[in-house]
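Residue-level structure breakdown
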Protein chains: 2
Amino acid sequence: MRVIYNEQMADLANLLGEMAGLAGHAMERATQSLLQADLALAEQVISEQDRISIMIAEAEEKAFALLALQAPVAGDLRQVVSAIQIVGDVNRMGALALHVAKAARRRHPAHVLPEAVNGYFAEMGRIAVSMGAGAKEVLETRDPARAAQLDQDDEAMDDLHQHLFTLLMDRDWKHGVAAAVDVTLLGRYYERFADHAVEIGRRVIFLVTGVLPTEEAL
Amino acid sequence: MRVIYNEQMADLANLLGEMAGLAGHAMERATQSLLQADLALAEQVISEQDRISIMIAEAEEKAFALLALQAPVAGDLRQVVSAIQIVGDVNRMGALALHVAKAARRRHPAHVLPEAVNGYFAEMGRIAVSMGAGAKEVLETRDPARAAQLDQDDEAMDDLHQHLFTLLMDRDWKHGVAAAVDVTLLGRYYERFADHAVEIGRRVIFLVTGVLPTEEAL
């Protein structure tokens, strides 16, 4: 029973990790499509979303089967419950990458972003990709140090996001309201993507240490 | 065993319902604080967030205890898994109401919104409150007709949200970029609040019918 549980739980954790990696990869290409007004790339991200959706359903069924057939208890049970919650986070990460790709498609052949903020989004995209990879690694290795690193990445993301707002709110913003609206929403998507990666890290730390880090403590 | 399961599951469903109701109530007062630049009300919503956080942890522990001690199978198990997912949705609804209250506090004594969009937000607030109450009812009664009603409310919310964007993107927008940024984010909060209520309805329909409605089918 216990051997089967361990195998199936490792299988589920790897699937979650793979999905987090895919979400990060989707965000990478979505960012590129945004910065380069690359319609083909945006379409690719959008059409691959189905694949993530199928994996989401698969992960939920795996978690359910684990509970139903192995009836895990104590720490094992907590792992499966966390996995169910993590599916929700990974799902949102994929959806947020999709939103970015759809923004690029909606404004094509125009660029969504004024050139002045390209640097911000290139960097937010870089951090998001790193956080997707980090979430994958944490899910596969359960390394608390790597989970803590996610929080540092998130701080960098928040700083960029704050700077972006300062820029938007500045009287010297010359790019009009429509661009400001797009920048606001896109900034929010990257920030939320990072939040979900952090949440995955927090849940894994909880599994390893038994203590759920508060947002302040992280 | 089965009697205890039924009692504990009803108890958990009622707690989730209560939390959805509280999130709706928080959104109601947050909207009022937004429209009337009422700082005291905004502070009240913010300070009551702790109560929702405690209930979230309580609901997660109840679901865990149900799995650990009752080891439910089949449909019973699916109910508990759904409850775990629903906790996540209710949690976000509370957080989004909090974001609205914080926006009202941040700009106080100024109003966040230009008067021209007050009507939109009053209506989005009204729908959000109705959806919070609807989610509560669905959780307590598991009535699929009431769950379907959530989807109609969500359509009304999406329509308002679309109109709001048309207004923002219009060349005649006279209220500047800073107000546009606030309106964009606030509109997004209401829209996401509605999405989570719909998600709760979908999960309950799934429990009752065994079929997860697709977004198109709803």
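Residues numbered from 1 in each chain as written. Chains lettered and ligands numbered in written order. Predicted model: local features only at pLDDT ≥ 70, side-chain atom pairs only at ≥ 80, totals over all residues. Heavy atoms only, no water.

Under the annotation held in an unreviewed UniProt entry, chain A carries the name Phosphate-specific transport system accessory protein PhoU and is attributed to Nocardia camponoti. UniProt annotates chain A under Function (unreviewed entry) with the comment "Plays a role in the regulation of phosphate uptake." Database annotation for chain A, UniProt heading Subcellular location (unreviewed entry): "Cytoplasm". (UniProt positions renumbered as here; feature names shortened; annotations may be inferred.)

1. Structural notes on the environment of A:Glu191
Residues and elements named next belong to chain A. Counting through the fold element by element, Glu191 comes out in helix α6 (residues 176–209). C-alpha of Glu191 to C-alpha of Glu123: the two residues are 68 residues apart in sequence and 12 Å apart in space. Apart from residues no more than four positions distant in its own chain, Glu191 is found in contact with Met157, Asp158 and His161. (Helix = DSSP H or I, 4+ residues; strand = E, 2+ residues; numbered from the N terminus. Contact = heavy atoms within 4.5 Å.)

2. Describing the nonpolar core
Membership of the largest hydrophobic core comes to 151 residues, with the highest contact counts inside it found for A:Phe121 and B:Phe121. Ignoring any residue separated from it by four or fewer positions in sequence, one finds B:Phe121 in contact with B:Thr31, B:Leu34, B:Leu35, B:Leu113, B:Leu164, B:Val183, B:Leu186, B:Gly187 and B:Tyr190. (Core = buried A, V, L, I, M, F, W, Y, C linked by side-chain atoms within 4.5 Å. Buried < 20%, exposed > 50% of the residue type's maximum accessible area, 1.4 Å probe, protein only.)

3. What to know about the relation of the copies chain B and chain A
The operation relating chain B to chain A is a screw motion whose rotation component is 180°, with 0.0 Å of axial translation and a residual RMSD of 0.0 Å. This pairing of chains is accounted for by a two-fold axis. Considering only C-alpha atoms, the part of chain B nearest the rotation axis is B:Val177, at 2.7 Å. The share of interface residues of chain B whose copies in chain A are also at the interface is 97%, consistent with both copies meeting through the same surface. (Least-squares fit on C-alpha atoms with pLDDT ≥ 70 in both.)

4. Let's talk about unusual backbone geometry
Peptide bonds are trans in most cases, and residues, glycine excluded, mostly fall at negative phi. Look at the link from A:His108 to A:Pro109: it is a cis peptide, with omega at 5°. For A:Pro109, the position within the fold is in the loop between α3 (74–107) and α4 (118–141). With phi around 55°, B:Arg142 is a residue other than glycine that occupies positive phi space. Inspection of the secondary structure assignment puts B:Arg142 in the loop between α4 (118–141) and α5 (144–169). Since its relative accessible area comes to 32%, B:Arg142 is described here as partly exposed.

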